[in-house]
Amino acid sequence: VMGGLYVRSIVSTAFRDADRVRNARAHVNDMLRQQLDEETGVRGYAAARVPVLLRSYYGGRAALPREFRRVRADLEALKVDEALPVLRDAERTNYRWLHEIAYPLIESKRSHPALVLRGKTLVDRFRIDATTIYNDLTRRTAIANARANRALVLVGVFVLAAVVAVVEIGRASCRERV
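Nothing here was measured: the structure is a model prediction, and the numbers come from that model.

Q: Before we go on, may I ask you to explain the overall build of the chain in this structure?
A: In terms of helices and strands, the chain carries four helices and zero strands. Ordered by position from N to C terminus, the α and β elements of the chain give α-α-α-α. Its C-alpha atoms give the chain a radius of gyration of 27 Å, clearly above 16 Å, the size a compact globule of 178 residues would have. Taken along the three principal axes of its C-alpha coordinates, the chain extends 105 × 25 × 20 Å. Out of the 178 residues in the chain, the part that is buried amounts to 35%. By sequence separation, contacts in the chain at least 24 residues apart represent 74% of the contacts at least 6 residues apart. For the chain, the exposed surface amounts to about 10800 Å²; the carbon and sulfur share of it is 61%. Counting 31 positive and 20 negative side-chain charges, the chain places the averaged centre of each group 2 Å from the other.

Structural data, given as structure tokens:
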């Protein structure tokens, strides 16, 4: 009975963690999408100087702080502490991209291909940070699944041992009767 309760607890935790990790990975994807929306809007505006192209930039700019908070809360709740410095780097990278690339490109009256290229480098760094966080979350799921599998094997061993013990007790009882 205790083994069953133990396995149930481990498996329940694994399922709960898997659900929380799935939500956390969705938040990481949303975070990346907002950064890419910012970049797409600024790059389009830098190329054509048509203000409507900044719409995705403003949408991403408004939503990204919320996504950073969500991802941070997910990482803290799941205790994926190794990903927190990576998230901080993503936030710093976005800050640098805004101040060194986006604002100057939006304010400028002429094209700056070198600045756009430098911006791409920063966004690539952001993308690497997002991928690293996503992979850290995926590892968390693998660890929980491995723990659940070990618990199932352990209970299987105990069940097998119990069956063998019952059979042996039964055999011994039959020998005593004869």
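Q: Would you mind showing me how to read the environment of Ala83 here?
A: You can see Ala83 is positioned in the loop between α2 (55–78) and α3 (84–107). You can call Ala83 buried: its relative accessible area is 0%. Considered as a pair, Ala83 and Asp19 are 64 residues apart in the sequence and their alpha carbons are 18 Å apart.

Q: What am I meant to see in the packing of aromatic side chains here?
A: The relation between two aromatic rings is expressed through the spacing of the ring centres and the mutual angle of the planes. Following the criterion strictly, the structure yields three aromatic pairs and no others. Relative to Tyr58, the ring of Tyr57 has its centre 5.0 Å away and its plane inclined at 65°; by these criteria the two rings are edge-to-face. Cluster of aromatic residues (ring-pair linked, three or more members): Tyr57, Tyr58 and Trp97.

Q: Hey, could you run me through the environment of Val7 in this one?
A: Its location among the elements puts Val7 in helix α1 (residues 2–48). Along the chain, Val7 and Val153 lie 146 residues apart, while their C-alpha atoms are 9.6 Å from each other.

Q: Sorry if this is basic, but what is going on with the packing of α2 against α3 here?
A: Helix-helix packing is characterised by the crossing angle of the two axes and by the distance between the axes. Here α2 crosses α3 at 170°, and the two axes come no closer than 10 Å. For the element pair α2 / α3, the angle class is roughly antiparallel. In contact with Tyr57, Arg61, Leu64, Phe68, Val71, Arg72, Leu75 and Glu76 of α2, α3 contributes Leu84, Leu87, Arg88, Ala90, Glu91, Asn94, Trp97, Leu98, Ala102, Tyr103 and Ile106.

Q: Just to check I follow, could you spell out the pattern of salt bridges for this structure?
A: Here the structure, examined in full by the defined rule, presents 17 salt bridges. Here Arg22 makes a salt bridge to Asp19, at a shortest N to O gap of 2.3 Å. Within this pair, Arg22 and its partner Asp19 are both found in helix α1, separated by three residues, close to a single helical turn. Of the residues examined, Arg22 reaches a relative accessible area of 47% and is grouped as partly exposed. With a closest N to O distance of 4.0 Å, Arg61 and Glu38 form a salt bridge. Here Glu38 lies in helix α1 and Arg61 lies in helix α2, a separation of 23 residues in the sequence. Classification of Arg61 by relative accessible area gives partly exposed; the value is 27%. A single network of salt bridges, built from pairs that share partners, joins Asp17, Arg20 and Arg140.

Definitions and cut-offs
Residues numbered from 1 in each chain as written. Predicted model: local features only at pLDDT ≥ 70, side-chain atom pairs only at ≥ 80, totals over all residues. Heavy atoms only, no water. Helix = DSSP H or I, 4+ residues; strand = E, 2+ residues; numbered from the N terminus. Rg over C-alpha atoms; globule rule 2.2 N^0.38 Å. Buried < 20%, exposed > 50% of the residue type's maximum accessible area, 1.4 Å probe, protein only. Contact = heavy atoms within 4.5 Å. Areas by Shrake-Rupley, 256 points an atom, 1.4 Å probe, with all protein chains shown as cover. Lys, Arg positive; Asp, Glu negative; His and termini not counted. Charge placed at Lys NZ, Arg CZ, Asp CG, Glu CD. Phe/Tyr/Trp six-rings, centres within 6.5 Å; stacked < 30°, edge-to-face > 60°. Axes fitted to C-alpha atoms, helices over the stretch in contact; angles between N-to-C directions. Parallel < 35°, antiparallel > 145°, perpendicular 65-115°, else oblique. Salt bridge = Lys/Arg side-chain N within 4 Å of Asp/Glu carboxyl O.

Read these as layout, nothing more, since geometry by itself doesn't imply function.
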